[in-house]
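Chain and residue survey
If you want the building blocks of each chain, they are given just below.
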Amino acid sequence: MTSRSSTKIDARALTGVSETALMTLWVRATEARRPDALIDDPMAITLADAIDFDYAKFGPSRRQDMAVRSIAFDRETRRYLGDHPKATVVALAEGLQTSFYRLDSSGVGHEFRWLTVDLPPMVDLRRKLLPESDRVRMLAQSALDYRWMDQVDTEHGVFITAEGLLMYLQPHEAKGLIAECAARFPGGRMMFDLPPAWFARLISKGVLRPSLSYRVPPMPFSMTPAQIAELVNQIPGIRAVRDVPLPPGRGAVLNAALWTLQRIRLFDPVRPVFTLLEFG
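Residues numbered from 1 in each chain as written. Predicted model: local features only at pLDDT ≥ 70, side-chain atom pairs only at ≥ 80, totals over all residues. Heavy atoms only, no water.

**Let's talk about the pattern of salt bridges**
To keep things clear, this is the line we draw: We count a salt bridge whenever a side-chain nitrogen from Lys or Arg sits within 4 Å of a carboxyl oxygen from Asp or Glu. The way it works is that DSSP assigns letters per residue, a run of H or I at least four long becomes a helix, a run of E at least two long becomes a strand, and they are numbered from the N terminus. Exposure categories follow from relative accessible area, calculated using a 1.4 Å probe and restricted to protein chains: below 20% of the type maximum is buried, above 50% is exposed, and the middle band is partly exposed.
Using the criterion set out here, one finds 24 salt bridges in the structure. Salt-bridge contacts for R242 lead to E278; the nearest nitrogen and oxygen are separated by 2.6 Å. Residue R242 is located in strand β8 (residues 238-243), and its partner E278 is located in strand β9 (residues 273-279); the two are separated by 36 residues in the primary sequence. Overall, R242 belongs to the partly exposed group, its relative accessible area being 43%. Here E278 falls in the buried class, since its relative accessible area comes to 6%. By sharing partners, the salt bridges in this structure join R28, D41, D74 and R102 into a single network.

So this is what it looks like as structure tokens:
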């Protein structure tokens, strides 16, 4: 697949949280170029090459985290589509993710629909870069503008992704979004990820940063696995809360560490969480 134009697209209009989409794209594309790549993502490579941007500001790109995160979201989305092949996937604040194209070539069929919800500059960039499809719609608005929910076809099921989103929202905004999704989409599912509180604090203070020239926007929202488990008792419409284990990365030491962090409850307060909500 190729972009619509051979001319590189200027992405300097992306600022703040939207700019992080360029960082995650670059990291994912770099991983996809490796001969031993964890993720098969040719569209990420196409997008990264089609954008005129100085990715060096983000520092070293030889990281696995963004690819592993995307694989986790792909895996749970694919499972839902296996049971609901005509479902609608709603990608909130999708940024420059290329999940639709990976899933479309993963054997789940070609009947599912896709709805991107993101801010106008990001939607404009996606429209310039990505091939058109009658199965993909884009809404240029904030995920917190709940009018997007009126545009979702719920007949065959709904799977909502909030990959790399909720940590940038205020706590009441994040919980309000979850509650509204639970109320509006019974029978659907929602997946999101959150960093541990210590990581979010260091990011917000500027202590942790990918490079000296780039600072990740503040992350005001985080929850521990125990706190997330309580959502089933706090938010009407949530039927089940599942802690999603991370897929393996590259390296025996890394995988052993991830296995330990995710299975020993003592480490729950210090590890990131990947959560799948089932709506009743």
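**What about the packing of aromatic side chains?**
Selection criterion: Centres within 6.5 Å are what make two rings of Phe, Tyr or Trp a pair, Trp counting through its six-membered ring; a difference in plane orientation under 30 degrees is then read as stacked, over 60 as edge-to-face, and the rest as tilted. Over a ring means this: the NZ of a Lys or the CZ of an Arg is within 6 Å of the ring centre and within 35 degrees of the ring normal.
If you walk through the whole model with that rule in mind, you get twelve aromatic pairs. Measuring from centroid to centroid gives 4.4 Å for W26 and Y55, while their planes differ by 5 degrees, and the two rings are stacked. Of this pair, W26 sits in helix α1 (residues 16-33) while Y55 sits in the loop between β2 (51-52) and α3 (65-83), and the two are 29 residues apart along the sequence. Exposure remark for W26: the relative accessible area of 22% places this residue in the partly exposed category. A cation over an aromatic ring shows up here: R135 above the ring of F112, its NZ or CZ 4.8 Å from the ring centre.

**A few points about the sheet that holds strand β6 (residues 158-162)**
Inclusion rule: Criterion used throughout: strands pair if DSSP finds at least two bridges between them. As a rule, the C-alpha atoms of each element are fitted with a line to give its axis, helices using only the stretch in contact, and angles between N-to-C directions run from 0 to 180 degrees. In this description, contact between two residues means that some pair of their heavy atoms is separated by no more than 4.5 Å.
With mixed pairing, the seven strands of this open sheet are ordered in space as β5-β4-β3-β6-β7-β9-β8. The two strands at the open ends of the sheet, each matched to only one other strand, are β5 (136-140) and β8. Within this sheet the neighbouring strands show an average axis-to-axis angle of 15 degrees, counted without direction. The sheet contact formed by strand β3 (residues 88-92) and β6 spans four bridges and is parallel. Bridging from a neighbouring strand, A91 pairs with T161 of β6. Running over the sheet, helix α5 (residues 120-129) touches β4 (113-118) and β5 and is turned about 150 degrees from β5.

Function-wise, these values are silent; they only describe arrangement.
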